Structure formats: C-alpha cells, structure tokens
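Listed below, chain by chain, are the residues.
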Amino acid sequence: MNSHIKSLNGAVVGVDVGGTFTDLFYYEEATGKFRTAKVSSNRGDEAVGFIDGLKSFGAIADLGSIVHGTTVGTNALLERKGARTALITTKGFRDVLEMRRRDRLNTWGLWGDFTPVIERDMRFEVNERVLADGTVREALDPDEVRAAALKALAAGAEALAICFINAYANPVNELAALEAARSVWPNGNLASSAQILPEIREFERTSTTALNAYLQPVVGGYLGKLRDALKGEAFSGPFHIVQSNGGVMSTETASRLPVRTALSGPAAGVIAAAAISKAAGYPNIITGDLGGTSFDVSLVVDGQTSLAAQTTIDFGLVVRTPMIEITTIGAGGGSIAHVDAGGLLQVGPESAGSRPGPVAYGQGNTRPTLTDANIVLGRINAERPIGGKLARLDVEAAKAAIVEHVAGPCGLGVMEAAEAIVRVADGRMAGAIRLVSIERGHDPAKFVAVPFGGGGALHAGALIKDVGLQAALVPRYPGVTSALGCVIADIRHDQVQTVNLTVDELDAAVLDARMVAEAEAAGRIVEEAGLQMDRVDILFELDMHYVGQTHTVSVPLPVTVSNATSGVTRQIVQEAFDAAYRASFSRLLPGLKAKIVNLRTAAIGRRPHFSLKALAPDAECSVEKAARGSRPVWFNGAWHDTAIYARLELPVGAEIEGPAILEQPDATVLVDPDLKARVDELGNVIIERR
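Residues numbered from 1 in each chain as written. Predicted model: local features only at pLDDT ≥ 70, side-chain atom pairs only at ≥ 80, totals over all residues. Heavy atoms only, no water.

Asker: Explanation requested: the overall build of the protein in the structure shown.
Answerer: Looking only at helices and strands, the protein has 17 helices and 35 strands in total. Over its C-alpha trace the protein gives a radius of gyration of 26 Å, about what one expects of a compact globule, namely 26 Å for 690 residues. Projected onto its principal axes, the C-alpha coordinates of the protein cover approximately 75 × 60 × 55 Å. Looking at the protein as a whole, 58% of its 690 residues qualify as buried. Restricting to contacts in the protein with at least 6 residues of sequence separation, those with at least 24 account for 69%. In the structure as shown, the protein presents an accessible area of about 26,700 Å², 50% of it carried by carbon and sulfur atoms. (Helix = DSSP H or I, 4+ residues; strand = E, 2+ residues; numbered from the N terminus. Rg over C-alpha atoms; globule rule 2.2 N^0.38 Å. Buried < 20%, exposed > 50% of the residue type's maximum accessible area, 1.4 Å probe, protein only. Contact = heavy atoms within 4.5 Å. Areas by Shrake-Rupley, 256 points an atom, 1.4 Å probe, with all protein chains shown as cover.)

Asker: Looking at this model, I keep getting lost on unusual backbone geometry. Mind explaining?
Answerer: Peptide bonds are mostly trans, and most non-glycine residues show a negative phi. Residues Gly348 and Pro349 are joined by a peptide bond in cis, for which omega reads 5°. Structurally, Pro349 can be placed in strand E22 (residues 345–351). For the peptide bond that leads from Gly658 to Pro659, omega is 5°, which places it in the cis range. Looking at where Pro659 falls in the secondary structure, it is placed in the loop between strand E31 (655–657) and strand E32 (660–664). Although it is not a glycine, Arg100 sits at a positive phi angle of roughly 55°. With respect to the helices, strands and loops of the structure, Arg100 is situated in the loop between helix H3 (96–99) and strand E6 (123–126).

Asker: For this particular structure, what's the right way to read empty space enclosed by the protein?
Answerer: Picture a little ball the size of a water molecule; that probe, rolled over the atoms, points out where space is still empty. Under the criterion given, the structure shown has 8 cavities of 30 Å³ or more. Estimated volume of the largest cavity: approximately 490 Å³. Elements represented by at least two residues in the lining of the largest cavity include exactly strand E2 (21–27), helix H9 (264–279), strand E13 (285–290), helix H10 (370–376) and strand E33 (667–671). Here the element with the most residues in the lining of the largest cavity is H10; it accounts for 4 residues. (1 Å grid on protein atoms, 1.4 Å probe; cavity = no way out; pocket = protein on both sides within 12 Å on 5 of 7 lines; lining within 4 Å. Points joined across faces, edges and corners; volume = space filled by probe spheres on them.)

Asker: What am I meant to see in the packing of aromatic side chains here?
Answerer: Working definition: an aromatic ring pair is given by the centre-to-centre distance plus the angle between the planes. Scanning the entire structure with this criterion turns up 12 aromatic pairs. An angle of 70° between the planes, with centres 6.0 Å apart, marks the rings of Phe25 and Phe610 as edge-to-face. Taken as a pair, Phe25 in strand E2 and Phe610 in the loop between strand E28 (594–606) and helix H17 (623–626) lie far apart in primary sequence, 585 residues in all. With a relative accessible area of 1%, Phe25 lands in the buried category. For the pair Tyr27 and Phe610, a centre-to-centre distance of 4.7 Å together with 65° between the ring planes defines the contact as edge-to-face. (Phe/Tyr/Trp six-rings, centres within 6.5 Å; stacked < 30°, edge-to-face > 60°.)

Asker: Mind showing me how you'd approach the pairing of E28 here?
Answerer: Each regular strand carries side chains that alternate between the two faces of the sheet. Counting buried positions over the 13 residues of E28 gives 11, a clear majority of the element. Pairing of strand E25 (residues 491–502) with E28 involves 10 bridges; the strand directions are antiparallel. By the bridge assignment for E28, His493 is matched with Ala603. Relative to E28, strand E26 (residues 535–546) runs antiparallel, the two being bridged by 12 bridges. (Pairing = 2+ DSSP bridges.)

Asker: Whenever I open this one, the nonpolar core confuses me. Can you help?
Answerer: Core analysis: the largest hydrophobic core is formed by 142 residues, its most contacted members being Phe50, Leu54, Ile88 and Val573. Broken down by element, the residue count for this core peaks at 10 residues, all from helix H7 (residues 202–232). In terms of nonpolar packing, the next biggest core, distinct from the first, is built from 69 residues, Leu370, Ala425, Val474 and Phe635 among them. (Core = buried A, V, L, I, M, F, W, Y, C linked by side-chain atoms within 4.5 Å.)

Asker: What am I meant to see in the side chain of Glu128 here?
Answerer: Assignment of secondary structure puts Glu128 in the loop between E6 and strand E7 (129–130). The buried charged residue Glu128 lacks any salt bridge, with Arg129 as its nearest oppositely charged partner at 5.9 Å. A polar contact is formed between the side chain of Glu128 and the side chain of Thr90, at a distance of 2.5 Å. Here the side chain of Glu128 touches Asn173 through a polar contact of 2.8 Å, side chain to side chain. (Lys, Arg positive; Asp, Glu negative; His and termini not counted. Salt bridge = Lys/Arg side-chain N within 4 Å of Asp/Glu carboxyl O. Polar contact = N/O pair within 3.5 Å; in protein donor to acceptor, adjacent residues only side chain to side chain.)

Asker: What am I meant to see in the sheet that holds E6 here?
Answerer: Taken together, 4 strands build an open sheet; the order of strands is E6-E5-E9-E10 and the sheet is parallel. Both edges of this open sheet fall to E6 and strand E10 (190–192), since each of them pairs with a single strand only. Looking at each pair of strands side by side, their axes are set apart by 20° on average, direction ignored. In the sheet, strand E5 (residues 85–90) pairs with E6 via 4 bridges, with the strands oriented parallel. What sits directly across from Ile88, in E6, is Phe124. Those strands touched by helix H4 (residues 142–154) are E5, E6 and strand E9 (159–163), and its axis lies near 170° from that of E6. (Axes fitted to C-alpha atoms, helices over the stretch in contact; angles between N-to-C directions.)

Asker: Could you clarify how one ought to interpret the pairing of E13 in this entry?
Answerer: Most of E13 sits out of view: 6 of its 6 residues are buried. Of the strand pairs in this sheet, E13 and strand E14 (residues 295–301) are connected by 6 bridges, and their pairing is antiparallel. Counterpart to Ile286 in the pairing with E14 is Leu299.

Asker: Mind showing me how you'd approach the environment of Ile686 here?
Answerer: Considering the arrangement of structural elements, one finds Ile686 in strand E35 (residues 685–689). We classify Ile686 as buried; its relative accessible area is 1%. For the pair Ile686 and Glu655, spaced 31 residues apart in sequence, the C-alpha to C-alpha distance is 9.5 Å. For Ile686, the residues in contact, after removing those within four places along its chain, are Tyr282, Ala471, Ala472, Leu473, Lys676, Ala677, Arg678 and Asp680.

Asker: Got a minute to help me understand the packing of H9 against helix H14 (residues 481–488) in this structure?
Answerer: In a pair of packed helices, the angle between the axes and the distance between the axes together describe the arrangement. One can describe the packing of H9 onto H14 by two numbers: an axis separation of 7 Å at closest approach and a directional angle of 80°. Here H9 is positioned roughly perpendicular relative to H14, judged by the angle of their axes. Residues Gly265, Ala268, Gly269, Ile271, Ala272, Ala273, Ala275 and Ile276 of H9 form the contact with H14, whose own contacting residues are Thr481, Ser482, Leu484, Gly485, Cys486 and Ile488. Counted by class, the contact of H9 with H14 contains 9 nonpolar, 5 polar and no charged residues. (Parallel < 35°, antiparallel > 145°, perpendicular 65-115°, else oblique. Nonpolar A, V, L, I, M, F, W, Y, C, P; charged D, E, K, R; others polar.)

Asker: What is the right way to read helix H13 (residues 460–467) from this model?
Answerer: Because each turn of an α-helix spans 3.6 residues, side chains separated by three or four positions in sequence point in the same direction. Among the 8 residues of H13, 6 are classified as buried, and the element is accordingly described as predominantly covered. Of the residues making up H13, those classed as buried are Ala460, Gly461, Ala462, Leu463, Ile464 and Val467. Considering only its buried residues, H13 is in contact with E14, helix H12 (414–436), strand E23 (448–452), strand E24 (471–474), strand E34 (675–679) and E35. Just beyond H13, the residue with positive phi is Gly468, at close to 85°.

Asker: Explain the pattern of salt bridges to me, please; I cannot follow it from the model alone.
Answerer: A side chain of one charge can pair with a side chain of the opposite charge if their charged atoms are brought near each other. As enumerated under the stated definition, the model contains 30 salt bridges in all. Here Arg492 ties to Asp494 by a salt bridge, and the two come within 2.9 Å at their closest N and O atoms. There is no split in this pair, since Arg492 and Asp494 are both buried. Between Glu657 and Arg690 there is a salt bridge, with its nearest N and O atoms 3.1 Å apart. You can see Glu657 sitting in strand E31 and its partner Arg690 sitting in the segment after E35, a full 33 residues away along the chain.

By themselves, these are just geometric observations and shouldn't be taken as functional.
Shown next, in the form of structure tokens:
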C-alpha cells in the first residue's frame, strides 16, 4: 500500500528516557546533520530531564517531531510499582492469573512463590457466560458489575481490568460490563480484554488486560506530564512513542494501550543496533542494552529482528502483543549490590535509578551499585562523569558503601569486593545471553555482541569471554543508541482477530473481506501518524496449528491488498502453513487438518533511509589527538596502567591494544588486557581477542 506522504519542517528528535539517564538524538532529515545529548532522568519527575534535554538543541517550539522510547513501563513491571489494580471476571475464573499455565518459578517446594499484580482480594467475580461459539448463555447484570467496581474502589483500586471467558467470540457482556463500570469509576483507567486483546486463550488475554490496567495510571500519568510540559514550551508537532514491536504509535494510543510500551526503550535500541551492525557487515548479533535499571538482550539473525506474538516480561507477567523478542533482567548500572540471608552476593533487581542514584553521585543513597563498583575499579572516570550534571563522582563514598554492605559481610578487601560485584553482574548478563543463543540452538561463536546503553560497553569484554562470542561491536554513540532507534524506527500498528476455523472450513471470500477491512483500518492509523514516510506496507500473518495441538506457529501470508482484495485462497493458506511448520519442525504431520486460530495484520510506515556514514569520524581524527594519558585500573586482582583515549577522536582504522579505556560524553568503552580494539569505517569500535 502506498500513501500520500506528509512532509515535516524542522528536525526529528529521538528521546530515550531510562532509569538513570535521558538520551537524545537530534536529526535534520533535510541536511543529514545530527547532534546528541545526555541528561539526568530525574526519576519521579522525568519530564524535567526530558525538557532539559530537548532545550539543549534550542527552542523546543522549532522542532518538527519527537519520538520517545521509555522504560517507565518496563521498570514498573520489573519492580512491581504499577497501580493498585482490580479485576472483574466471569464467576469461576478468579484465579486464572495465579494458575497461569501451571508453571512454577521454582520447581521444588510445597508453597507457591508467585504473587500476581492483582492480588486475590482485588479480583471480583460476576455472573455471566458466553459460549465458545459466541452464544450468550447468561446475560450480564450491570448492577452486579457496578457493585463490584465500588468494592474495588473502596479497597483502594486506581485501575480496573475486565476480562470475561470467551469474550473474544462475542464481547457483548464484556462491553456492557465496561459501560456499567464506567458509570461509577472516577477515572479513565479501565481496560477491557475486548479492546486490548480480542483473542482466544483466557490466561494470556487476562494477563495482558490486567497488565495494561496496571500500567495505565503510571504510563498515562507520565505521558500526560510530558504533553503538558511540551505544550508549555509551545511545541505543536507530532509526539510519538516507540512500541515494543519496534514501531511507533501516538501518545494517545500509548496512554490507552500502555502494555504495548512494556519494552519500548529496549526495542528502539534493537532497531538501531540491527541497522548499525548490518551496515558494518555483521548480520548476526546479540544486543545488550545496559541502562540504569535493567539489562535487555535480543537476538538478530541475518539482519532481522525476532518478533514474538507474546513475551514474558518477568516470571508470570505474560504480555500477548507483538514484541521484539527481548529478555530483560534487573541488572543495570544502578542495580544495588547486597549480601542475602544465605551470605551470597547479589546484584539487583532493586535499582537506585537516577534518584538517588549510585552512592558516588552524592544524592543520598548509601547502598553500593554496579556503577559504584566500576568507579572504584577505576573503569569510570570520576573526574568527568557522563551526563554533564555532576562535576565529579565521590569515589571514597562509593568505597565506604562497598566496605559496609559487601566487603565486610563477605570478608573481602574493598577492591576484591568491587570486582566481585562486577563479576556477579557479568555472570547474570552472560546468563541472559545464553538464554537467547545457546539454549535456542545458536552457536555464540558466530555472533557479535552489540553492547549499548550507558554501561553496556564497560562489560563487552567480559561477555565475549564468558559466553564465547566472536567479538563485540560498540556503536559510535552507545549511550544514545536507543534514541537513534527512535529516529529511524518505522511507524507500525498491529491488530489481531480470532478466526478459529480449520482450513477445510474456511470461506476464503469471508477471510478476504476481513483482511481488506483490517488493512484499511490499520493503514489509516499509520497514515495519520504525521511523520515522514516513504510508503506504507501491509503484512498479514496467521497463528495456526494442527487440530489437537496447543501451541501455534506464525504463518506469514504472501499476499497484499490491491484493488480491494488480497487474493487469499485456501491453497495459499495451506501452502504457507506447510512452509512455516516445516521450517519450525523439519517435518509435516500428514493426515491432520490445519487450523487457523488468529489473523494478525500489521501496517508499517517505512521511514526514510538514515545513512550511518554520517556518524563516521572525520579526516582530522588521529590516535595522537585522541590520547589522554593513562591511569591505574583494576583487572583480575591487580592494578594495570591503562591507556585512556577520547573515543570520538580516534580515526577510522585505529588499533588499540588492551588494557585501554575509550571515553566519550555518553558512555565508556572498556578494552580488557587480553583484548584489542579497532575502529571501522562507520566509527564503530570492534573489540576482539588478541
């Protein structure tokens, strides 16, 4: 599908707000000029850092558009800091969130150790029943819903989720319940599964709807603050949010569907990392985004990001909406190191964020973080901290915190304790990388790590050695990679409808009409985005399986809408299923019928090509100009005299032997003593074994 393309005046700015820093990438599409910025996130009032960062580029009113990637939703889920939420569901289905898919966090033990985001006393049952074929067996009593909603409010609920059994087949009872609840609910934080995920499978539908409600006050309030702040600066251009699928949507949609932002910031980083590595000649990569609160890992094969129909953000927190496959753990630069009751050193998942931040920031925190350990080890320059807000970092305070909370309890010296903190964090990161590579049948020796975020490049060498990766590619601006991803990400809107028919039962004309309608609706939303696009593509995909199976395979359909028809036929569907099933399992199951569960439609507005050559070092760069002397840095139990370089002044082709540290305004790159680094033609740093 091609569309009329809206042109915009001014620059587009990508803004990635993390737990500690807000990263910005300013790009003038007309001239190709760019600038970067990094400021403190001011956790709790992120709008302050957001506006401060934008002002570094001049008058906000002069900007053409803003695209934002955020970890607000991610952090709220990882740290369980969403709103107090209630659930109204069909009688008999109160415990779906707790039963899940009969999985367990720990295999052994007599007691469960999982608490849903909606506790049992906040889950209310009402009498209603819709059968799987859509027949209404028992109509809803709106008064019963209103009574349940009032009980939820009295118990302190800030948000409400409504999810009825089989509402995907006929949402009449659920929508009636939504209207009844809305008549007594004091705010707009209501979520119905018919609006969020009209799809078969009660647990996934309930979980996604519940998490959407759980995030609505947090993400909606956050975006409302940003919109108000931008309005106060006379900004009138488009303001969009990166979705977890790597596409972009309006902030109004994000406020209504915040669950689609659960991996917003990390997804933007993966989009940029895939583009950078493909241009550099490394199509197979494992990305590692180390921010202030989390470490996010994703696999890119042959230059293509992996898109999953559903994702588990943390154990039991299942979101069924298209997302880039990202594994997230609570291990970031602000992750707090502590010794547990068993005497074992742990790092995370609790984070100091930007407020109060690491101990060395001098903002009131007294517990050591991963960043404090890197500062004590000399790996981060205490005299020139990134972000530009602090004049220097308090190394002695960081040491004192490590002594009190780690070194003393473990019987270690302060340097040994600091190195232990880093090694524990490295081990957790390596485990996340193994999860997406080795445990899925990929040989890590054929993959290159792409570390980014404020702290990712500090741990690249450890990940190469711990996991057995081929090398590491550190982008030119690792600290603002996710912000760059916001600028180059396509506009995207996904829709899903349940079909629930075998191929033999399928009426191709009915499916064709449904696909045309879905394409028009999704395409319209993308075209209204207000961002510059080259074209709009419509993609169709079916969730299918053999009759009798539980799990589905994703089946791309090789059709497109033209002249009000997709041209889909039973034969096309069957052949597409056979190809997808054989690719996944290397065989077919003759004699069994194939069944279509869901139709998925994606409208993708393709953004103009961004030339990464614009990021390359200029001809005046040289190793001599980049050299900044040396300082002692702690590696493997001893101090090493380590060369320091201004990374952005290194020329193409420069080769650096470890140990070395490459410093730049948005990040620090660490080259271990047994590694070497070189600068490629795009300005990326390639770290390899000697």
